[in-house]
Amino acid sequence: MDHRGMIIRPPSEAGSILLQVTLGCSHGKCAFCGAYLDKRFAIKDRETVMADIEFAARNCVGQRRVFLCDGDAMILPQPKLVDILERVRDRLPWVTRVGTYANAKSLARKSDVELRDLRELGLGIVYMGLESGDDEILRSMGKNGDSAFIVRQGHRVRDAGLKLNVTVINGLGGTARSMEHARATAAALNSMDPEQVGALSLMLVPGTPLHDRRERGEFELLDAPGLLAEIREMLSGLHLTRGLFLANHASNYLPLKVRLPSGKDRALAEIDAALAGHAPLKAESARRL
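Below you will find a few notes about this structure. Values in this document were obtained by computation on a predicted structure and should not be read as measured data. Starting from 1, residues in each chain are numbered consecutively following that chain's sequence as written. Under the rules for a predicted model, residues below a pLDDT of 70 receive no local features and side-chain atom pairs below 80 are neither given nor counted, while totals for whole chains, interfaces and linings still include all residues. Think of the side-chain values as coming from all heavy atoms in the structure, minus any hydrogens and water.

**Thoughts on the overall build of the protein chain**
What counts here: Put simply, DSSP H or I for four residues or longer makes a helix, DSSP E for two residues or longer makes a strand, and each gets a number counted from the N terminus. Throughout, radius of gyration means the C-alpha value; the globule benchmark is 2.2 Å times the number of residues raised to the power 0.38. By definition in these notes, contact holds between two residues if any of their heavy atoms fall within 4.5 Å. Methods summary: accessible areas were calculated by the Shrake-Rupley approach with a probe of 1.4 Å, and residue burial reflects only the protein chains presented. Residues scored as positive are Lys and Arg, those scored as negative are Asp and Glu, and His as well as the terminal groups of each chain are ignored. Lysine's charge is taken at NZ, arginine's at CZ, aspartate's at CG and glutamate's at CD.
Check the secondary structure of the protein chain and you find ten helices and ten strands. Rg of the C-alpha trace for the protein chain: 19 Å, near the compact-globule value of 19 Å for 289 residues, within the 12% margin. Each principal axis of the C-alpha distribution contributes one length, and for the protein chain these read about 55 × 45 × 35 Å. In the protein chain, of all internal contacts separated by at least 6 residues, the share reaching a separation of at least 24 is 79%. Entry remark: accessible area of the protein chain is about 12900 Å², with carbon and sulfur atoms responsible for 50%. For the protein chain, the distance from the average position of its 40 positive side-chain charges to the average position of its 36 negative side-chain charges is 4 Å.

This is the structure:
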């Protein structure tokens, strides 16, 4: 398949057919993000994408899911996205779900009807980056829109009948706004009530603005206990109706997979044990982006 540059996908899409329909990210201004430093944003040509679907039709019969790469396939004009989903449905009839990353900006460009149409064509889950519910942090990190804007797009995804996975970043407020970050993020997640929350821990990438800020002494990273205390505060404030809280990314010191609300107390006890030194943490050398 025609995979250009580094391919990023959520941990839960590890077994999916990775269909790259765009390059990079349509926003590309987040201070912490080094995911697509190797490429400019572009929409891949139809011929290449359709050839990849034909490759999957011949070679990926055992894979039941498709994930549309890169960082924001939802930015595609609706006719192009419909064309791709129709071809996936036609040529890969065994596929049970298509997923994609989406940012709030690209979701806002889709009407409610268009979102429902995408669901009818097989789009099943949207992975949206909230990162933080704290507007001061969002501004400093260059995110597009404030927390209310991002939350509103999350509501629209759910109203369209699509599953919503919201990504947040443990440690994004640094030492200065750790607890504000935890509490505001929990509040934003409670409002959206997503089916899944994916929490990863901040790791700085050389070449990003946030890495440069730290080098200049303008941003102080949380240490492992600080990250655990923050994730505990966030989790303690979460009141999802029914969802998964996943902090099992390679960046996390303490892997957590929490079914809410039933598993919350046990997860908080796990964090407390780790903070007290009674549970092992992932070695620094084993952490990955």
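**Topic: the environment of arginine 46**
Just so we agree on the cut-off: For each residue, the accessible area found with a 1.4 Å probe, counting protein chains only, is set against the maximum for its type, and the residue is called buried under 20%, exposed over 50%, and partly exposed in between. Counted as a polar contact is a pair of N or O atoms within 3.5 Å, where, for protein atoms, one must be capable of donating a hydrogen and the other of accepting one, and residues adjacent in sequence contribute only when both atoms are in side chains.
Relative to the helices and strands, arginine 46 is located in helix α1 (residues 46–59). According to the relative accessible area criterion, arginine 46 is partly exposed, its value standing at 46%. As for arginine 46 and phenylalanine 219, which are separated by 173 residues in sequence, their C-alpha atoms are 43 Å apart. Residue contacts for arginine 46: discarding those within four places in its chain leaves Asp83 and Arg87. Polar contacts involving the side chain of arginine 46 include one to the side chain of aspartate 83, which spans 2.5 Å.

**A look at helix α10 (residues 264–275)**
Here is the rule we go by: By this rule, a helix spans an expected 1.5 Å times one less than how many residues it contains. Here the arc refers to the set of directions running from the helix axis out to each C-beta atom.
Spanning twelve residues, α10 covers 17 Å between terminal C-alpha atoms, matching the ideal 16 Å at 1.5 Å per step. Taken together, the buried positions of α10 are occupied by Lys264, Ala267, Leu268, Ile271 and Ala274. Around the axis of α10, the buried residues are gathered within 120° of arc, so they sit on the same side. Exposed side of α10, more than 90 degrees from the buried face: Asp265 and Arg266 are the residues found there. The inward-facing, buried residues of α10 abut α9 (224–236) and β10 (256–260). Glycine 277 lies just past α10 and shows a positive phi near 85°.

**What to know about the packing of aromatic side chains**
For the record, the criterion: Any Phe, Tyr or Trp ring, taking Trp's six-membered ring, that has another such ring centre within 6.5 Å forms a pair; planes under 30 degrees apart are called stacked, those over 60 apart edge-to-face, and the others tilted. The criterion is that NZ of a Lys, or CZ of an Arg, lies within 6 Å of the ring centre and within 35 degrees of the ring normal, and then a charge sits over that ring.
Scanning the model with the defined rule gives three aromatic pairs in all. On the basis of an interplanar angle of 90° and a centroid distance of 5.1 Å, the ring pair of phenylalanine 67 and tyrosine 101 is categorised as edge-to-face. Within this pair, whereas phenylalanine 67 is found in strand β4 (residues 65–69), its partner tyrosine 101 is found in strand β5 (residues 97–102), the two being separated by 34 residues in sequence. An identical accessibility class is assigned to phenylalanine 67 and tyrosine 101; each is buried. Taking 6.2 Å as the distance between ring centres and 70° as the angle between the ring planes, the aromatic pair formed by tyrosine 101 and tyrosine 127 counts as edge-to-face. You can see tyrosine 101 sitting in strand β5 and its partner tyrosine 127 sitting in strand β6 (residues 123–131), a full 26 residues away along the chain. Taken individually, tyrosine 101 and tyrosine 127 each receive the classification buried, so the pair is uniform in this respect. Taken together, the aromatic side chains of Phe67, Tyr101 and Tyr127 make up a single cluster linked through ring pairs. Note that arginine 287 overlies the ring of tyrosine 253, its terminal NZ or CZ placed 4.1 Å from the centroid.

**As for unusual backbone geometry**
A cis amide bond links cysteine 69 to the next residue, aspartate 70, at an omega of 5°. Tracing the chain through its elements places aspartate 70 in the loop between β4 and α2 (78–91). Although it is not a glycine, glutamate 131 adopts a positive phi angle of roughly 70°. With respect to the helices and strands, glutamate 131 occurs in strand β6.

**A look at the pairing of strand β7 (residues 163–170)**
Consecutive residues of a regular strand have side chains that alternate between opposite faces of the sheet. The condition that has to hold: At least two bridges found by DSSP between two strands is the condition for calling them paired. Handedness of a crossover: with both strands directed away from the viewer, a clockwise path from the first strand across the helix to the second marks it as right-handed.
When you tally the buried positions in β7, you get seven out of eight residues, the bulk of the element. Across six bridges, the pairing between β6 and β7 is parallel. Looking across to β7, one finds that valine 126 is bridged to leucine 164. Note: β7 against strand β8 (residues 196–201), six bridges, orientation parallel. Counted as the bridge partner of isoleucine 169 is leucine 200 from β8. Viewed along the sheet, the connection from β7 through helix α7 (residues 178–192) into β8 turns out right-handed.

**A look at the sheet that holds β4**
To be explicit about the condition: All axes are obtained by fitting lines to C-alpha atoms, using only the stretch in contact for helices, and the reported angles, taken between N-to-C directions, cover 0 to 180 degrees.
Pairing is mixed in the open sheet, where eight strands are placed in the order β1-β4-β5-β6-β7-β8-β9-β10. Bordering the open sheet on either side are β1 (17–20) and β10, each of which pairs with just one other strand. Between one strand and the next, the sheet's axes are offset by a mean angle of 20°, whatever the strand orientation. In the packing of α9 onto the sheet, the strands contacted are β7, β8, β9 (243–247) and β10, and the crossing angle to β7 comes to about 145°.

Bear in mind that shape data such as this cannot, by itself, settle questions of function.
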